[in-house]
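# Chains, contacts and geometry: an overview
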Amino acid sequence: MFDLIVKGGVLPDGKVADIGIKGNKIAAIGPLDDAEAAQVIDASGDLVSPPFVDPHFHMDATLSYGLPRINTSGTLLEGIGLWGELKQVMTQDDVVDRALKYCDWAASMGLLAIRSHVDTCDDRLLGVEALLEVRNQVKDYIDLQLVAFPQDGFYRDATARQNTIRALDMGVDVVGGIPHFERTMTDGAASVTELCEIAAGRGLQVDMHCDETDDPHSRHIETLARETQRLGLQGRVAGSHLTSMHSMDNYYVSKLLPLIAEAEINVIPNPLINIVLQGRHDTYPKRRGLTRVKEMLALGINVGWGQDCVLDPWYSLGTGDMLDVAFMGLHVAQMTSPKEMRTCFDMVTVNNAKTMGLTDYGLHVGAKASLVVLDAGDPIEALRLRAGRLCVIANGSVVSQTPRADASLTLKGRPEMLRRRHNSGDQ
Ligand code: FE2
């Protein structure tokens, strides 16, 4: 007797299976024809995936678009300045309200694990207090991991160092940083070293905004990888953005990528934001600014797409849909072969779960019973349609159900034919 059975779904690997859930765990996968359950979800012909995972977000800033004004230049630097203005007037209740509203959006999109940076450059640590409260309020349906993020610079801001350490003492999960925003390259490198030492001393993960610039000489990822090795942090460190790599000299990159691979750095490009913010100083041709995704994947580096922003000082759109994020990444990185498109789906599910260190994630017996039923026949069709989330299950409970859209009946198409084409194409 199961509490819940999801019947007849197509798993991301193409197998058709029933999934039996007891409590908050997956208890069985396979044909469960004669099994009984208190609740049955019919997923016949629909893709059943583990939930979407976003490893890079700013929940303290989300849904603040227009407060106190709009970013007129559209640049990263005006966004940082605008966020500084908002911090002066926002309240803890504002942050909690906006974040909880976003978590509702996320759950409806099947996005059930989020790593959010939280700005520690505020003597009141108001955003930290707010997101710690939100982390607790949403824990039954969203794994929310918080990163202590000194937005204005760990050394550049007068009290950032002490406030970042205070935030970690308060229970923030991960150590952040922003080395390219320090005053000098030397300060940036020193901040990477000290922040990695803090993480190693506390047994924490590291996730830095790293080299989010078009300057090819911004090479803090090199220091981050080397310090990861020195301190034995392999597999527990993430480099977010790495956009300067787009503009680096090819010879230097040929030396850098093996170091990143050996240090087991997890990489988080944020394609919606990178394509909007990078190249702003260029005339023509304008650089795309996305890091070298295909080259890193080819070396076995774990790369996953992050979202970064929704309706905030840096980005005026967004819905919490990781399929939108992967769709943009697929285009900007030119990942258009069947194998590459399939990889883009993994980059917003299993790859990101690895980055966040989610040990009970996935569709297997014993895993946390969290999954999403999509109105698509396979992962590539899910990307093509940004398919509807028909049902979202978190920790064994149905948290969202959405009727199948009429439009999908005409846009969904002959999955057998598409699958045959995908399988016969360039792998
Ligand atoms: Fe960010």
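Residues numbered from 1 in each chain as written. Predicted model: local features only at pLDDT ≥ 70, side-chain atom pairs only at ≥ 80, totals over all residues. Heavy atoms only, no water.

## What to know about the nonpolar core
The biggest cluster of nonpolar side chains holds 103 residues, and the ones touching the most others in it are Met59, Leu224 and Trp305. Looking at this core, you find at least three residues from each of domain 1 (2-50 + 362-404) and domain 2 (55-356). Those residues in contact with methionine 59, other than ones at most four positions away along the chain, are Arg98, Ala99, Tyr102, Cys103, Ile114, Ser116, His117, Leu131, Val134 and Leu144. Core analysis: the second largest hydrophobic core is formed by 18 residues, Leu4, Ile21, Ile41 and Ile393 among them. (Core = buried A, V, L, I, M, F, W, Y, C linked by side-chain atoms within 4.5 Å. Buried < 20%, exposed > 50% of the residue type's maximum accessible area, 1.4 Å probe, protein only. Domains from an automatic or database assignment. Contact = heavy atoms within 4.5 Å.)

## Some words on the sheet that holds strand 11 (residues 237-241)
Note on sheets: strands pair through backbone hydrogen bonds, and any given pair is parallel or antiparallel. Here we have 7 strands laid out as an open sheet, ordered 6-7-8-9-10-11-12, and parallel in their pairing. Two strands close off the open sheet at either side, each with one partner strand: strand 6 (52-57) and strand 12 (266-268). Relative to strand 8 (residues 143-149), strand 7 (residues 111-119) is paired through 7 bridges, and the arrangement is parallel. By the bridge assignment for strand 8, isoleucine 114 is matched with leucine 144. Contacting strand 9 (174-175) and strand 10 (205-210), helix 5 (residues 185-202) crosses the sheet at an angle of about 160° to strand 10. (Pairing = 2+ DSSP bridges. Helix = DSSP H or I, 4+ residues; strand = E, 2+ residues; numbered from the N terminus. Axes fitted to C-alpha atoms, helices over the stretch in contact; angles between N-to-C directions.)

## Things to note about the coordination of the iron ion
Here the iron ion is held by the protein donor atoms His56 (NE2), His58 (NE2), His209 (NE2) and Asp308 (OD), which lie 2.1 to 2.4 Å from it. Within one chain, the residues serving as donors to the iron ion are arranged as H-x1-H-x150-H-x98-D. Since its relative accessible area comes to 0%, histidine 56 is described here as buried. (Donors = N, O, S within 2.8 Å, 3.2 Å for Na, K, Ca; no water.)

## Quick notes on the domain arrangement of the protein
In terms of domains, the protein is made up of domain 1 (2-50 + 362-404) and domain 2 (55-356). Each of domain 1 and domain 2 has a C-alpha centre, and the two are 30 Å apart. Listed as interface residues are 23 residues of domain 1 and, on the opposing side, 21 residues of domain 2. For the pairing of domain 1 and domain 2, the buried interface totals around 1,600 Å² over both sides, and the portion due to carbon and sulfur atoms is 68%. Counting the surface domain 1 buries against domain 2, the share from its top three residues, Leu383, Arg386 and Arg389, is 38%. The salt bridge partner of lysine 368 is aspartate 143, with a shortest N-O separation of 3.0 Å. In this structure, the connection of domain 1 to domain 2 is made through 5 residue pairs in polar contact (both at pLDDT 80 or more). Only strand 5 (47-49), strand 13 (371-374), helix 13 (379-385), strand 14 (389-394) and strand 15 (397-401) provide two or more residues apiece to the side of domain 1 that touches domain 2. Tallying contributions element by element places helix 13 first for the side of domain 1 that touches domain 2, with 5 residues. (Buried area = accessible area lost by both parts, 1.4 Å probe. Salt bridge = Lys/Arg side-chain N within 4 Å of Asp/Glu carboxyl O. Polar contact = N/O pair within 3.5 Å; in protein donor to acceptor, adjacent residues only side chain to side chain.)

## As for the packing of aromatic side chains
For the structure on display, the rule yields 4 aromatic pairs. Measuring from centroid to centroid gives 4.4 Å for phenylalanine 57 and tyrosine 102, while their planes differ by 15°, and the two rings are stacked. With a gap of 45 residues between them, phenylalanine 57 in strand 6 and tyrosine 102 in helix 2 (residues 92-108) connect regions that are remote in the sequence. Taking 5.2 Å as the distance between ring centres and 50° as the angle between the ring planes, the aromatic pair formed by phenylalanine 154 and tyrosine 155 counts as tilted. The class of phenylalanine 154 is buried, set by a relative accessible area of 1%. Residue classification places tyrosine 155 among the partly exposed residues on the basis of a relative accessible area of 31%. Directly above the ring of tyrosine 284 sits lysine 286, whose terminal nitrogen or CZ lies 5.2 Å from the centroid. (Phe/Tyr/Trp six-rings, centres within 6.5 Å; stacked < 30°, edge-to-face > 60°. Lys NZ or Arg CZ within 6 Å of the ring centre and 35° of its normal.)

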